[in-house]
Amino acid sequence: MGLTAIMDAVGLPTGKLDVFIRSVEIASYMPGRIRLYSKNLIGNENLSREIKGELARFAELKEVETNTVSGSVLIKYEPAILQRNAELVKAEQYIMAHAKKRTM
């Protein structure tokens, strides 16, 4: 069993996306739309650009909006397209399980 598999098994973050998702408040989830909050994003244009840049590398994500006034990140995607990327599927499953509000 490799290190990544062990980290997965015990629930530790295994990549940048994992670390990011686990460092924010997951405000709401519905298939195709996720809203996250981070106090660190408030007033932080550099972090906003970094988040958008990192998430832009995933072609499966349709749109990423950040708001440095409220500290929110809105991620929009087509659920069927997201399923093509195992890393994003794993992130979606984590978000689904930890969202404060689920709408379906």
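Residues numbered from 1 in each chain as written. Predicted model: local features only at pLDDT ≥ 70, side-chain atom pairs only at ≥ 80, totals over all residues. Heavy atoms only, no water.

S.K.: Which parts of the structure should I look at to understand the overall build of the protein chain?
M.R.: Broken down by element type, the protein chain carries 5 helices and 5 strands. Reading the protein chain from its N terminus to its C terminus gives the helix and strand order α-α-β-β-α-β-β-α-α-β. A burial count over the protein chain gives 35% of its 104 residues as buried. If you take every contact in the protein chain between residues at least 6 apart in sequence, the share linking residues at least 24 apart comes to 56%. Split by element, the accessible area of the protein chain, about 6300 Å² in all, is 54% carbon and sulfur. (Helix = DSSP H or I, 4+ residues; strand = E, 2+ residues; numbered from the N terminus. Buried < 20%, exposed > 50% of the residue type's maximum accessible area, 1.4 Å probe, protein only. Contact = heavy atoms within 4.5 Å. Areas by Shrake-Rupley, 256 points an atom, 1.4 Å probe, with all protein chains shown as cover.)

S.K.: Looking at this model, I keep getting lost on the sheet that holds strand β2 (residues 33–37). Mind explaining?
M.R.: By way of backbone hydrogen bonds, the strands of a sheet pair with one another, either parallel or antiparallel. Overall, mixed pairing links the 5 strands, which are arranged β3-β4-β2-β1-β5 in an open sheet. Strand pairing shows two members of the sheet lacking a second neighbour, β3 (61–67) and β5 (101–102), which therefore form its edges. Sheet topology places β2 next to strand β4 (residues 72–77); 5 bridges connect them, and they run antiparallel. In the strand pairing of β4, Arg33 is matched with Lys76. Against the sheet, helix α5 (residues 86–98) touches β1 (25–30), β2, β3, β4 and β5, its axis set at about 100° to β1. (Pairing = 2+ DSSP bridges. Axes fitted to C-alpha atoms, helices over the stretch in contact; angles between N-to-C directions.)

S.K.: Would you mind going over the layout of surface pockets with me for this structure?
M.R.: Vacant regions in the atomic arrangement are exposed by a probe of water-molecule size rolled over the atoms. As a volume, the largest pocket reaches approximately 300 Å³. Along its surface, the largest pocket is lined by 15 residues, and Lys16, Phe20, Glu50, Ile51 and Glu54 are the ones closest to its centre. It is helix α3 (residues 45–56) that provides the largest number of residues to the lining of the largest pocket, a total of 5 residues. Its residues assigned to classes, the lining of the largest pocket shows 8 nonpolar, 3 polar and 4 charged. (1 Å grid on protein atoms, 1.4 Å probe; cavity = no way out; pocket = protein on both sides within 12 Å on 5 of 7 lines; lining within 4 Å. Points joined across faces, edges and corners; volume = space filled by probe spheres on them. Nonpolar A, V, L, I, M, F, W, Y, C, P; charged D, E, K, R; others polar.)

S.K.: Teacher, can you tell me more about the pairing of β4 here?
M.R.: Working note: regular strand, side chains alternate between the two faces of the sheet. Taken across its 6 residues, β4 has 5 buried, putting it largely inside the fold. Count of turn residues in the β3/β4 antiparallel hairpin: 4 residues, of which Gly71 carries a positive phi of about 80°.

S.K.: Can you walk me through the pattern of salt bridges in this structure?
M.R.: Side-chain pairs of opposite charge can arise where the charged atoms are in close proximity. A full pass over the atoms with the stated rule returns 6 salt bridges. Shared partners join several salt bridges into a network, and the residues in it are Glu54, Arg57 and Glu87. (Salt bridge = Lys/Arg side-chain N within 4 Å of Asp/Glu carboxyl O.)

S.K.: Help me understand the environment of Arg33 in this model?
M.R.: Along the chain, Arg33 falls in strand β2. Its relative accessible area of 34% is what places Arg33 among the partly exposed residues. For the pair Arg33 and Leu74, spaced 41 residues apart in sequence, the C-alpha to C-alpha distance is 7.2 Å. For Arg33, the residues in contact, after removing those within four places along its chain, are Ser28, Leu74, Ile75, Lys76 and Tyr77.

S.K.: Sorry, what's going on with the pairing of β3 here?
M.R.: Summarising the sheet, β3 and β4 pair through 6 bridges and their orientation is antiparallel. Residue pairing in the sheet places Glu65 in a bridge with Leu74 of β4.

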